[in-house]
Amino acid sequence: MSTENVKIVELNAENWYDCCELEVSLEQKEYMEPNAISIAQSKFEQTLKPYAIYFEEKIVGFLMYNSVQEELDGYWIYRIMVDKEYQGKGIGKTATKLMISEMAKLPHAQKIVVGYHPENLGAHNLYSSLGFIDNGDRFGKEIAVIKNINE
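About the cut-offs
Residues numbered from 1 in each chain as written. Predicted model: local features only at pLDDT ≥ 70, side-chain atom pairs only at ≥ 80, totals over all residues. Heavy atoms only, no water. Helix = DSSP H or I, 4+ residues; strand = E, 2+ residues; numbered from the N terminus. Expected span 1.5 Å × (residues − 1). Buried < 20%, exposed > 50% of the residue type's maximum accessible area, 1.4 Å probe, protein only. Phe/Tyr/Trp six-rings, centres within 6.5 Å; stacked < 30°, edge-to-face > 60°. Salt bridge = Lys/Arg side-chain N within 4 Å of Asp/Glu carboxyl O.

A. Fine view of helix 3 (residues 91-103). An ideal rise of 1.5 Å per residue puts 18 Å on 13 residues; helix 3 measures up with 18 Å between its terminal C-alpha atoms. When we look at burial in helix 3, the residues that qualify are Ile-91, Gly-92, Thr-94, Ala-95, Thr-96, Met-99, Ile-100 and Met-103.

Encoded structure:
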């Protein structure tokens with residue numbers, strides 16, 4: 001499978017509903033809000049940037065990040081998910097790299113931060129493979145890992 005067929009597109013009138021219909025696997029459900037909740041949140045928090053993930057022109061995932069800096073002086077990834085039918089193919093990793101490239105263009109972007117539940121091994125493996133480091137930062141039940149962009 002070729003991951004060069006993966007692209008991210010800002011959420012719009014044509015693709016938002018398809019994102020609402022995507023589902024993660026049963027084991028992942030407890031770690032993640034439904035996409036519809038995230039999309040609604042982005043309408044009230046204007047700094048959140050939601051995107052659809054496409055693979056071969058089909059919507060297979062959803063991601064969202066904040067375009068203003070927050071805790072740990074970083075830009076935060078809020079969501080990344082790939083539909084259960086398309087997991088394990090490298091799509092999430094490629095989409096996350098594309099998202100990091102977009103986030104790197106934000107003003108004074110030096111750090112990208114993401115929080116996840118310690119038992120979410122899929123998230124842990126994804127972020128460590130992309131160079132996110134655990135410096136021991138914790139927010140409630142979540143681990144926060146950091147990627148320095150200029151390294």
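B. Inspection of the packing of aromatic side chains at higher detail. Applying the stated criterion across every chain, the model contains six aromatic pairs. Measuring from centroid to centroid gives 5.8 Å for Tyr-51 and Tyr-65, while their planes differ by 20°, and the two rings are stacked. You can see Tyr-51 sitting in strand 2 (residues 48-55) and its partner Tyr-65 sitting in strand 3 (residues 58-66), a full 14 residues away along the chain. Tyr-65 carries the same exposure label as Tyr-51, and that label is buried. Ring plane angle 25° and centroid distance 5.8 Å describe the contact between Tyr-116 and Tyr-127, whose orientation is recorded as stacked. Of this pair, Tyr-116 sits in strand 5 (residues 111-116) while Tyr-127 sits in helix 4 (residues 121-129), and the two are eleven residues apart along the sequence. Tyr-127 carries the same exposure label as Tyr-116, and that label is buried. One aromatic cluster in this structure is built from Tyr-116, Tyr-127 and Phe-132.

C. Region of interest: the pattern of salt bridges. On inspection of all chains with the given rule, the structure shows five salt bridges. Lys-29 is paired through a salt bridge with Glu-23; the nearest N and O atoms lie 3.8 Å apart. On the basis of relative accessibility, which here comes to 37%, the residue Glu-23 falls in the partly exposed class. One salt bridge in this structure joins Glu-102 and Lys-105, with 3.1 Å as the shortest N-O distance. With relative accessibility at 28%, the residue Glu-102 sits in the partly exposed group. By relative accessible area, Lys-105 is classed as exposed at 62%. Among the ionic contacts, a cluster of salt bridges with common partners joins Glu-23, Lys-29 and Lys-84.

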